Amino acid sequence: MSNLLIKGGTVVNGSDLVVADVLIEDGQVIELGPQLGQPGGCESLDATGCYVMSGLVDLHCHMREPGFEESETIETAARAGARGGYTCLVAMPNTVPAIDSPQMVEMIRQKADRAVVDVQVAGAITQGRKGECLAEIYEMAKAGVRIFTDDGAGVQDSRLMLNALRYSVVGDLVMAQHCEEASLATGGHINDGVISSQLGISSIPREAEETMAYRDVLLAKKTGARLHLLHVSTSNTLDIVRQARAWGVKVTCEVTPHHLLLSEDDVVTLNPDMKVNPPLRTLDDCRKLALGLLDGTIDAVATDHAPHHIDNKTQPFEDCAFGMTGLETAFGVIFTLLTRGTVSGKSKILEPINEREAIGLVHTTMSMNPAKIAGVSNQQGGPLRCGALANVLVVDPRASWVVDRTKLSSKSKNTPFDRLELFGKVIHTISKGRLVVKDGELL
Amino acid sequence: MNLISVDDLTNEMYLELFGLTEMFIEVSTRPIPKVPTLRGKTLATVFFENSTRTRLSFETAAKRLSADSLSFSASTSSLSKGESLFDTINTLDAIGVDFLVVRHSRAGTASMVANWTQAAVINAGDGCGEHPTQSLIDCATLVRRFAKPDLESLDRSKTINKYLSGLKIAIVGDVLHSRVARSNIKAFTNLGAKVTLVGPPTLIPDNIESWPVDVCYDLDQVISEMDVIYLLRMQNERFDESMVPSTLEYSKNWGLDMARLKRLGPDGVIMHPGPINRGVELTSEVADSTQSLILDQVRHSVPVRMAILAMLANLIGGGHE
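Below: a short report on this structure. From a predicted model like this one, the values you see are computed outputs, not experimental measurements.

### A look at the side chain of His363(A)
1) Next: Looking at the secondary structure, you find His363(A) in helix H12 (residues 355-373).
2) Next: A relative accessible area of 1% means that His363(A) is categorised as buried.

### Here's the deal with the packing of aromatic side chains
1) Next: Going through the model one piece at a time under the given rule, you end up with nine aromatic pairs over all chains.
2) Next: Note on Phe86(B) and Trp116(B): the rings are 5.0 Å apart at their centroids and 85° apart in plane angle, and the pair reads as edge-to-face. Here Trp116(B) lies in the loop between helix H4 (109-114) and strand S4 (120-126) and Phe86(B) lies in helix H3 (residues 85-95), a separation of 30 residues in the sequence.
3) Next: Summarising the aromatic geometry, the rings of Tyr250(B) and Trp254(B) are spaced 5.8 Å apart at their centres and angled 35° between planes, so their arrangement reads as tilted. Of this pair, Tyr250(B) and Trp254(B) both sit in helix H8 (residues 247-254), separated by four residues, roughly a single helical turn.
4) Next: Residue classification places Trp254(B) among the buried residues on the basis of a relative accessible area of 12%.
5) Next: Chaining the aromatic ring pairs together yields one cluster made of Tyr14(B), Phe18(B) and Tyr163(B).
6) Next: The residue whose ring lies beneath Lys275(A) is Phe317(A), and the NZ or CZ to ring-centre distance is 5.5 Å.

### Comments concerning a negative patch on the surface
1) Next: Negative charge collects at one region of the surface, where Glu69(A), Glu70(A), Asp311(A) and Asp87(B) lie side by side.
2) Next: Take Glu70(A): it is sitting in the loop between strand S8 (56-61) and helix H1 (74-83).
3) Next: Among the residues examined, Glu70(A) registers a relative accessible area of 38% and is labelled partly exposed.

### Digging into the packing of helix H4 (residues 158-167) of chain A against helix H7 (residues 206-223) of chain A
All names here are of chain A.
1) Next: One can describe the packing of H4 onto H7 by two numbers: an axis separation of 9 Å at closest approach and a directional angle of 40°. If you check the angle between H4 and H7, you find them oblique. Helix-helix and strand crossings are classified by hand; for H4 and H7 the assignment is right-handed. Contacts from Ser-158, Met-161, Leu-162, Leu-165 and Arg-166 in H4 reach Arg-215, Asp-216, Leu-219, Ala-220, Lys-222 and Thr-223 in H7.
2) Next: Class assignment of the residues belonging to the contact of H4 with H7 gives a composition of five nonpolar, two polar and four charged.

Reading the values: the criteria
- Residues numbered from 1 in each chain as written.
- Chains lettered and ligands numbered in written order.
- Predicted model: local features only at pLDDT ≥ 70, side-chain atom pairs only at ≥ 80, totals over all residues.
- Heavy atoms only, no water.
- Helix = DSSP H or I, 4+ residues; strand = E, 2+ residues; numbered from the N terminus.
- Buried < 20%, exposed > 50% of the residue type's maximum accessible area, 1.4 Å probe, protein only.
- Phe/Tyr/Trp six-rings, centres within 6.5 Å; stacked < 30°, edge-to-face > 60°.
- Lys NZ or Arg CZ within 6 Å of the ring centre and 35° of its normal.
- Patch = residues over 30% accessible without salt bridge, like charges linked within 9 Å, V, L, I, M, F, W, Y side chains within 5 Å.
- Areas by Shrake-Rupley, 256 points an atom, 1.4 Å probe, with all protein chains shown as cover.
- Salt bridge = Lys/Arg side-chain N within 4 Å of Asp/Glu carboxyl O.
- Lys, Arg positive; Asp, Glu negative; His and termini not counted.
- Charge placed at Lys NZ, Arg CZ, Asp CG, Glu CD.
- Axes fitted to C-alpha atoms, helices over the stretch in contact; angles between N-to-C directions.
- Parallel < 35°, antiparallel > 145°, perpendicular 65-115°, else oblique.
- Left-handed = near helix turned anticlockwise from the far one by under 90°.
- Contact = heavy atoms within 4.5 Å.
- Nonpolar A, V, L, I, M, F, W, Y, C, P; charged D, E, K, R; others polar.

Note that every value here comes from positions in space, so none of it alone points to a role or purpose.
What follows is the structure, encoded as structure tokens:
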């Protein structure tokens, strides 16, 4: 394994920023300090003007394997992740067949061993994600699974969800819910609001998310279990999280870059790349979600990277698949949003914060917190110090780039951010001590 | 130039369409009701949803303009062999057509198809989205009834939003699922009319504060103030949930019978885009009364659609004047 010296960057550990070189040997950070000498046979990476931090961790990634390899594979998602600065991806279990057994977990792990970044597996809560009976949660936990979800659908049956939460208390497992009350949401395609009424497109009301979020908070309160709310999209859901915390409920939540930046206004032209579930809400929701990210109500930014083959997006809007890719744009979108308040061509979302605060918040919400939620903070999420596993990211905060869907590494091109100019660029990604992205390109 | 939405129409286009409509109404009275306007052009009706009026009138309009027409139905085409919409449109494009008249059960389909083809696309109804040609038929019917412009002195100085100024129109029924309503609200308002939406709260869309309409759930409260009652059919094929308890309760509260017609007054008129459900949104007596413009709407469907095709042909170039 080659040795690496990252020179001249600013090392980020939360809000703690220090100019230091980082020396990596045999997959570990072995030295950290100013003006380190370069050992023989060691590759040097110039990080002047850049930030150096633990690699990003994505709690929510659809890698599509097995079952939908035409859209993405574990290998291609990992490559896209590396380019986006991720050193750890949590693979969602809504594959075909679903990841709902220790055997399936093992199969994914074997494939993941060959991926360029670390891939963790989320297991299904219910068998086949059908929402009828519990999957073998303890057996999957023994195989290393820490986070469980039926993502793509919420667990509709309240008694079943209560049992899942109760069951998960042993082993400190996390039950992650895709909050969507099916009887309110089924048949809908975009947010229930001004645009859906205008276009005559059937809609998904915000209450579909909020009613289930509230229900699950109450069930988590009753059981003392750990609950994670996936892709929060409405301001009311955040208020429910705040209420839950006031009650002492162990709840965490995530938001996606697209729910922060994009709103139902972006759906007016019925661009299939803007179709996602939960749907893009209102600008007011974007702004309140951004406040929630700044005030710590939101623990993590997750991509909900959902690649789809072009055929599934070349249909009448209502027949198109839900989902957007996000691994390669997440850092740029979030950093641009935080430091500039919006992205050029979009509405203002928040009051910009300074670069150093922004990178600290990025580290906290895109690396450290998701690593904790995913149960991998011994390997991922920092802090970057001697002895830490070398999952490292180098970003240039000043570099600007324009998203070009044709140049993304994901197998699918359904990004909603095509042609947007972003500030902040992933320069190098080091996964398990190995340089996998250099100067923005995969090695 | 495509016609996807009422929003595509400029004031000049309304005027031109009303003028052309008068001309083609005259053509329709001739022994040989045919003109060479679209000779050499090909029109394809591409219908993924059932239709009687729209398809027949478009094909008749094409024939009377001397265009060749071909007809595509989802049920008898390669769609049933698994061909995608994209490939179907590509195929028609490769065959070479000048007009694609598209109907589909999904909103937004016509505008999507327009991105895939060289032909001029006319939206003949897209799910709950829009139905602009029906809207122009309804506007022409109202203009002829209430504004009565004649071809010679079509008043071009008169701004378009005065044509139906002061006219009070209630659109009654299942507005939520109605593409006709979505188009007509815009078109009637563009012509200066005042639109009120009437129906059970479950069938009136939410979040319409920005729409230029009044909303009233009680038909009896507003009927006497109205000039036009525009009735809609319950679009049962577009939803399977419980929106109203029963058709009986619906017809008692929002159906038009002779008693309500009397309160509308002798100058009030009834319209309906068809197909009508007798005994639900209106009784047979109302449908067949002298105050009903329903058959006028159908009569105007061919000349108005001729006018639309002729206008689009001019705009895309190559129409024979």
